[in-house]
Amino acid sequence: MGAERGYVPAVGSVGGSVQELCHTGRRPGRVGAEWASISSESPSHLMHVVCFSQRESNAQGTLGPLLCRAWTPSSLYMAWGTEHPKGSCVVDEMDFSSMELDEALRKFQAHIRVQGEAQKVERLIEAFSQRYCMCNPEVVQQFHNPDTIFILAFAIILLNTDMYSPNIKPDRKMMLEDFIRNLRGVDDGADIPRELVVGIYERIQQKELKSNEDHVTYVTKVEKSIVGMKTVLSVPHRRLVCCSRLFEVTDVNKLQKQAAHQREVFLFNDLLVILKLCPKKKSASTYTFCKSVGLLGMQFHLFENEFYSHGITLVTPLSGSEKKQVLHFCALGSDEMQKFVEDLKESIAEVTELEQIRIECKDVDYPRQLVGAPIQQGTGTA
């Protein structure tokens, strides 16, 4: 990230380096206002919000656990019910018509991460199977029992895991005949047609079933590039908003050399992480951790004097104390300062709104991924 690029919004596909995480474009939208109307009697509206959120942020890593913990597959499938003209829900957003079962499952898993404990995987596969049966009634008629679709889909997930897991030695991996043998008699005592099973095995062998990269992937890449940071960054609710090159100001009334205080400031939707670039010869990591500051309760104002033309002051409460931490920065130029401030203002508003909703909903049994854990305000330094 050159000095001429003081600010970059975080969107787009994951690149090979942390700098490539940031491309100009449309950032994931805020959904805080949508959460506000959630009620314990309206899971259908909640499903609408989840669909919106997932489309905006491509957050399949969060959506999978949310779906399997919140409701049974039948309630998932019928969410929105009569309140929505299409009577649809999350899985109903997907069209599996005229698709082979494994290819439909590939499409499903591209948007919703199917992994974890068996009960979680079972619920997701059951929701998928119900939708696949509705899209392909002619396929279902080929089997003695519609439940065979679920059994076969689950077997595909197990095959994919077995085939691509680095923990399974090559000589222990499932071969074609093993896969066929495992599925004997699953269709109410009858065998699934051999050509169907062989086709599935060969397609999985050619290409792994895996999820698309999402906002958690971006954050994980940033986390891996930092040395000395104890805070866990890659959690489902956290999204990288932008990265800015700022210069930390120790005394606003004294001129200082900018090069000695250059900081790479990563703004997340609930956290500000302040880093220093690592000397290339001394570390394989890209950044050294300086400090992290929670956005909840943060205030900021701009300043300008004879030494600093584009100054930003951040004031944040310290956890467990009435004292406040004050940080001063200077931006490279007015455009960089304005863009960073706009994103910071929006992120503070979002985290404040969601914290208020979390407090209001704390007595309601919503999934933790939805309303979130209490926002932490701890500040670390290195």
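What you are looking at is a predicted structure, and each value in this text was computed from that prediction instead of being measured.

Cut-off values and rules
Residues numbered from 1 in each chain as written. Predicted model: local features only at pLDDT ≥ 70, side-chain atom pairs only at ≥ 80, totals over all residues. Heavy atoms only, no water. Helix = DSSP H or I, 4+ residues; strand = E, 2+ residues; numbered from the N terminus. Buried < 20%, exposed > 50% of the residue type's maximum accessible area, 1.4 Å probe, protein only. Contact = heavy atoms within 4.5 Å. Areas by Shrake-Rupley, 256 points an atom, 1.4 Å probe, with all protein chains shown as cover. Expected span 1.5 Å × (residues − 1). Core = buried A, V, L, I, M, F, W, Y, C linked by side-chain atoms within 4.5 Å. pLDDT = per-residue confidence, 0-100. Salt bridge = Lys/Arg side-chain N within 4 Å of Asp/Glu carboxyl O. Polar contact = N/O pair within 3.5 Å; in protein donor to acceptor, adjacent residues only side chain to side chain.

## A short note on the overall build of the protein
Looking only at helices and strands, the protein features 13 helices and 10 strands. Looking at the protein residue by residue over its 382 residues, the buried ones come to 48%. Considering only intrachain contacts with a sequence separation of at least 6, the fraction spanning at least 24 residues in the protein is 61%. Counting only carbon and sulfur atoms, one obtains 50% of the accessible surface of the protein, whose full area is about 19200 Å².

## Remarks on helix α10 (residues 194-206)
Helix length check: α10, at 13 residues, gives a terminal C-alpha distance of 18 Å against a target of 18 Å (1.5 Å per residue), a fit within 8%. Every buried residue of α10 is accounted for by Val197, Val198, Gly199, Ile200, Tyr201 and Ile204. Against the buried residues of α10 lie α5 (101-111), α8 (147-164) and α9 (176-182).

## Observations concerning the nonpolar core
By size, the foremost hydrophobic cluster in this structure holds 39 residues, and its most contacted members are Phe108, Phe128 and Phe179. Contributions of two or more residues to this core are made by α5, α6 (118-135), α7 (137-140), α8, α9 and α10. Not counting residues within four places of it along the chain, the set of residues in contact with Phe128 comprises Phe96, Leu101, Ala104, Leu105, Phe108 and Ala153. Counting residues in each nonpolar core, the second largest holds 23 residues, with Leu272, Met298, Phe329 and Ile348 among its members.

## Examining α5
Where burial is concerned, most of α5 is hidden: 8 out of the 11 residues are buried. Those residues of α5 that sit buried are Leu101, Asp102, Ala104, Leu105, Arg106, Phe108, Gln109 and Ala110.

## A closer look at the confidence of the model for the protein
Interpretation of this model should avoid reading the predicted coordinates in detail wherever pLDDT is low. In the predicted model, the protein carries a mean pLDDT of 76, and the fraction of residues at 70 or more is 69%. Ranking the helices and strands of the protein by mean pLDDT puts α10 first, with 96, and helix α1 (residues 32-35) last, with 34. Scored below 50 in pLDDT, residues 1-5 makes 11 contacts in the model with residues more than four places away or belonging to other chains. Predicted confidence for residues 366-382 stays below pLDDT 50, and this span has 48 contacts to residues more than four positions away or in other chains.

## Here we look at the pattern of salt bridges
Throughout the structure, instances matching the rule amount to 11 salt bridges. Note that Arg194 is salt-bridged to Glu177, the shortest N-O span being 2.8 Å. Of this pair, Arg194 sits in helix α10 while Glu177 is found in helix α9, placing the two residues 17 residues apart along the sequence. You can call Arg194 partly exposed: its relative accessible area is 45%. With a shortest N-O distance of 3.2 Å, Lys291 and Glu248 are connected by a salt bridge. A residue pair is termed long-range when its members are at least 10 positions apart, and Lys291 in strand β6 (residues 287-294) and Glu248 in strand β3 (residues 240-249) qualify at 43 residues. Here Lys291 matches Glu248 in class, with each residue buried.

## Looking at the side chain of Asn269
You can see Asn269 is positioned in the loop between β4 (262-268) and β5 (271-277). A distance of 3.0 Å separates a polar atom in the side chain of Asn269 from the backbone oxygen of His237. One polar contact links the side chain of Asn269 to the main-chain amide nitrogen of Arg239, over a distance of 2.8 Å.

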